[in-house]
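Structure assessment
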Amino acid sequence: MKKIWAFLLSLTLLLNPISVFGADTDYGSDMIPAGYIPLRNAAEISGANVFTEGEYVIVEYKGVTYKYKQESFDAYTGENEIKLSYPVIIRKGKSYAHYDDVAYLFTEENDSYKETKKTVVTLAYSLMDTYDVPGTVFTLTDGDTGYTWTRGFGYSDIENNIKVEKDTAFNLASISKVFTAISVMQLAELGKINLNEKVTHYVPELNIAPHPIYGGDFKDITVNMLLSHVSGIPGDLFDSFYTKDTYNKDYMNKFVENINKEYMDNKPLERWSYSNSSYVLLGIIASRAAGFDDDFNGFIEYTQKNIFEKTGMKNTSFFADENIKSKLAAPYSRASEPKEKSNLIVNALPAGGLYSTAEDMSEFMKIFLNNGSYGEKSLLTDTSVSVMTSPSGYDMGLNPQLIMGKGMYITEFLGVKMVGHGGDVAHYHSDMQLSLDNKIGVFASANSSSSVLLSSALTAYALNSAVDEKIGAEPEQGLIKSTKPIKPGAEALKKYEGYFTNIGKISVFDDESLLINDYGLQLISQDDGSFYSGSLGRITFETVKGINLMLLGDGPKTVLGEGITPEKIDEDFSKWEGSYIPYNQQEYDCPVLKLFKVGRTEEGYGAVKFTTTDNQESSRMLLGNTLEKDMYYILGTARNHGKVLKFYEENGLQFLEVYGIKAVKVDTGL
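Worth saying up front: this structure is predicted, and the values here are computed from it rather than measured. (Residues numbered from 1 in each chain as written. Predicted model: local features only at pLDDT ≥ 70, side-chain atom pairs only at ≥ 80, totals over all residues. Heavy atoms only, no water.)

**A closer look at the nonpolar core**
One finds Phe179 and Phe364 to be the most contacted residues of the largest nonpolar core, which totals 116 residues. Setting aside anything within four residues of it in sequence, one finds Phe179 in contact with Ile307, Phe308, Met313, Phe318, Leu354, Met361 and Phe364. (Core = buried A, V, L, I, M, F, W, Y, C linked by side-chain atoms within 4.5 Å. Buried < 20%, exposed > 50% of the residue type's maximum accessible area, 1.4 Å probe, protein only. Contact = heavy atoms within 4.5 Å.)

**A short note on the environment of Gly498**
Turning to its location among the elements, Gly498 is positioned in strand β22 (residues 498–500). In this structure Gly498 comes out as partly exposed when scored by relative accessible area, which is 23%. For the pair formed by Gly498 and Gly563, sequence separation is 65 residues and the distance between their alpha carbons is 7.1 Å. Setting aside residues no more than four positions away along its own chain, Gly498 makes contact with Gly504, Lys505 and Ile506. (Helix = DSSP H or I, 4+ residues; strand = E, 2+ residues; numbered from the N terminus.)

**Considering the packing of aromatic side chains**
Describing an aromatic ring pair means giving the distance of the ring centres and the angle of the ring planes. In total, this model carries 39 aromatic pairs according to the counting rule given. Each ring, one from Tyr36 and one from Tyr86, has its centre 6.4 Å from the other, and the planes form 80 degrees; the classification is edge-to-face. With Tyr36 in strand β1 (residues 36–38) and Tyr86 in strand β6 (residues 80–91), this residue pair connects regions lying 50 residues apart in the sequence. For Tyr86, a relative accessible area of 27% translates into the label partly exposed. Measuring from ring centre to ring centre gives 5.1 Å for Phe238 and Tyr659, while their planes differ by 35 degrees; the resulting arrangement is tilted. In this pair, Phe238 sits in the loop between α6 (223–227) and β12 (242–244) while Tyr659 sits in the loop between β36 (653–658) and β37 (661–667), placing the two residues 421 residues apart along the sequence. Tyr659 matches Phe238 in its accessibility class, with the two residues each being buried. Three or more aromatic residues joined by ring pairs make a cluster, and in this case those are Phe238, Phe241, Tyr242, Tyr251, Phe255, Phe596, Phe610 and Tyr659. The ring centre of Tyr76 lies 5.6 Å from the NZ or CZ of Lys67, which sits over that ring. (Phe/Tyr/Trp six-rings, centres within 6.5 Å; stacked < 30°, edge-to-face > 60°. Lys NZ or Arg CZ within 6 Å of the ring centre and 35° of its normal.)

**So, the packing of helix α5 (residues 176–189) against helix α9 (residues 276–289)**
Running from N to C, α5 and α9 cross one another at 35 degrees; their axes reach a closest spacing of 9 Å. Seen from above, α5 lies across α9 with left-handed handedness. Across the interface between the two elements, Lys177, Thr180, Ala181, Ser183, Val184 and Leu187 from α5 touch Asn276, Tyr279, Leu282, Gly283, Ala286 and Ala289 from α9. Considering only residue class, the contact of α5 with α9 consists of seven nonpolar, four polar and one charged. (Axes fitted to C-alpha atoms, helices over the stretch in contact; angles between N-to-C directions. Left-handed = near helix turned anticlockwise from the far one by under 90°. Nonpolar A, V, L, I, M, F, W, Y, C, P; charged D, E, K, R; others polar.)

**A few points about the confidence of the model for the chain**
The pLDDT averaged across the chain works out to 89; a share of 93% of its residues lies at or above 70. Counting contacts from residues 1–28, a segment whose pLDDT is below 50, to residues more than four positions away or on other chains yields 81 contacts. (pLDDT = per-residue confidence, 0-100.)

**Re the pairing of strand β34 (residues 631–634)**
Residues Met631 and Tyr633 of β34 are buried on one face, and the alternating residues Tyr632 and Ile634, pointing to the opposite face, are buried as well. Across three bridges, strand β33 (residues 621–625) lies against β34 in antiparallel orientation. Looking across to β34, one finds that Gly624 is bridged to Tyr633. Linking β33 to β34, which pair antiparallel, is a turn of five residues; within it Asp630 sits at a positive phi near 60 degrees. Note that β34 and strand β35 (residues 644–650) share three bridges and pair antiparallel. Across the sheet, residue Tyr632 finds its bridge partner in β35, namely Leu645. (Pairing = 2+ DSSP bridges.)

**Description of the sheet that holds strand β4 (residues 64–69)**
Read from one edge to the other, the open sheet built from seven strands follows the order β1-β7-β6-β5-β4-β3-β2, with strand pairing classed as antiparallel. What marks the edges here is a single partner per strand, and that holds for β1 and β2 (49–53). On average, each strand axis in the sheet is inclined to that of its neighbour by 35 degrees, with strand direction left out of account. Bridge analysis of β1 against strand β7 (residues 94–98) gives three bridges, and the strand direction is antiparallel. Residue Ile37 lies in a different strand from β7, and its bridge partner there is Ala97. Helix α4 (residues 114–131) rests against β1 and β7 of the sheet, and its axis sits at about 55 degrees to β1.

**Brief notes about the pattern of salt bridges**
All told, the structure shown has 31 salt bridges when counted by the stated rule. Residues Asp144 and Lys470 are paired through a salt bridge, measuring 2.8 Å at the closest nitrogen-oxygen approach. Residue Asp144 is found in the loop between β8 (135–142) and β9 (148–157), and its partner Lys470 is found in helix α15 (residues 454–471); the two are separated by 326 residues along the sequence. Residues Asp250 and Lys254 are paired through a salt bridge, measuring 3.9 Å at the closest nitrogen-oxygen approach. With a relative accessible area of 37%, Asp250 lands in the partly exposed category. Linked by salt bridges that have partners in common, Asp142, Asp144, Lys439 and Lys470 make up one network. (Salt bridge = Lys/Arg side-chain N within 4 Å of Asp/Glu carboxyl O.)

Here is the structure:
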């Protein structure tokens, strides 16, 4: 889970590099120039001894002493004076040096992908420094040559001075879905699962009520629909989704029983909507098809024997045993704060419970880079690999530029086609991307809530650089069209005003800009009809299927929000206004959503805000009435929208039920 602006910024970083990494030659500004990295961090993580002596930074590395004069081009190697290519600079009390002047810290015998390594090192340290990230790991694999390069940056555990290494473990969150999809495809190859078969054939007890507004018959859902997030089942079931340190096996073993208490989000095939629940259900189907009676343990055992053991992934599992725990990077909110006291366990194993290391993931990626084979072993047929990494053919609805395979996303960045998946959980953020055309795979992970921007940027730029380097191409320049701000006037801007899902209210700020009210973010009008924010990047408004959309990106665009028409809330709604917290949680439970604020907007529309485990608050989501008393739904059709909220009184207390969570009212007012 993450605050919406952080999620949007992570997409901006992927699609709009110039706003974040543009060149800067003004060495007197507060900005860190492109190519610069924090000298002490880079040297110490490489094994050097670093200290300050007057106006010099001293680096002792492999028997050689290097002296760098701060705010100067002057330096010494031993007793020999040298001139740096770039000056050492000071920003906020820290010394920064250009990669070209400290490349000796990263020189290796095998010089393959030299430029890509430079890109990874500079970008990793820059992002870690900017976003206060304790540790990061990166790996690159070439499927043609078998060459692998893995490097850790920063710390797995700051307090105990433990560095990130190639065998440091991370929670990979939603990258789990790739492994779940592989399990399903393997069983399909054996004839134990038919991808076109109805889900009720494998889970006969499934029985989800249709949505009060959007309808939906669970009996129409096929396995294929689950794989591509178009089934219409409730996207998330959050009760016991997280626990602290200890697993709750009932999340999976009672999953079907609990999801049967919910409503369909929409009709099957009606729209694409990212769904954790779809992959939990796929894991259950795989476990049962493989002959296991226990959905939780069966899924763990199947993946262990049929994926991890076959690829020699010794530090990978859907269950954090003592081996995993001993290698697990400590969780942080940010590097400047103490590590968290507890690790959050994801009980929705097939959707987000995987633990792995960069070393293991470099081996795993070879499966896709070699058409399903790993050495002499075959984990998937080339047909299955093609099915997983090719467009599913389903209508992606309001996401016309989004292409979905089976458990894999298909995207493009700077002209390079990428297939992969990201993973985000409270304190860990990861990303895996593959260029199948060039047989290169990259993976990155980090261990803080603040690292939400890091992994996807690192993999995107690294893969693009690696492909260019492998094929001998010059990096393409001038990809992003420059624009200039204009002042169209407040009247002309009023057509953009309104409420948007995920974003909240958009209003006119002045004669040249709009304002995202809930986040105080200005969008400046541009001469090409777009809007620009230094934080978000390029914003455009387009109409798709009669719905006004807010889109992000200079090239491929991502849907940020869907325009919605507010509805008048009924008079009885006022008695439910107030704050709610999860009810009857066990000591080891950690709710994904820990606070619900129910109230009204300035115009009197019913609204709800969610606060997540990592203290990120959503925008106000508007509510519409349903056909039954004291039931409301979140307006809109994308993920998390259309979700039904039920209110009721019991034993003198007021309760709210949503996402499978029962919450009790503790005070009044939004």
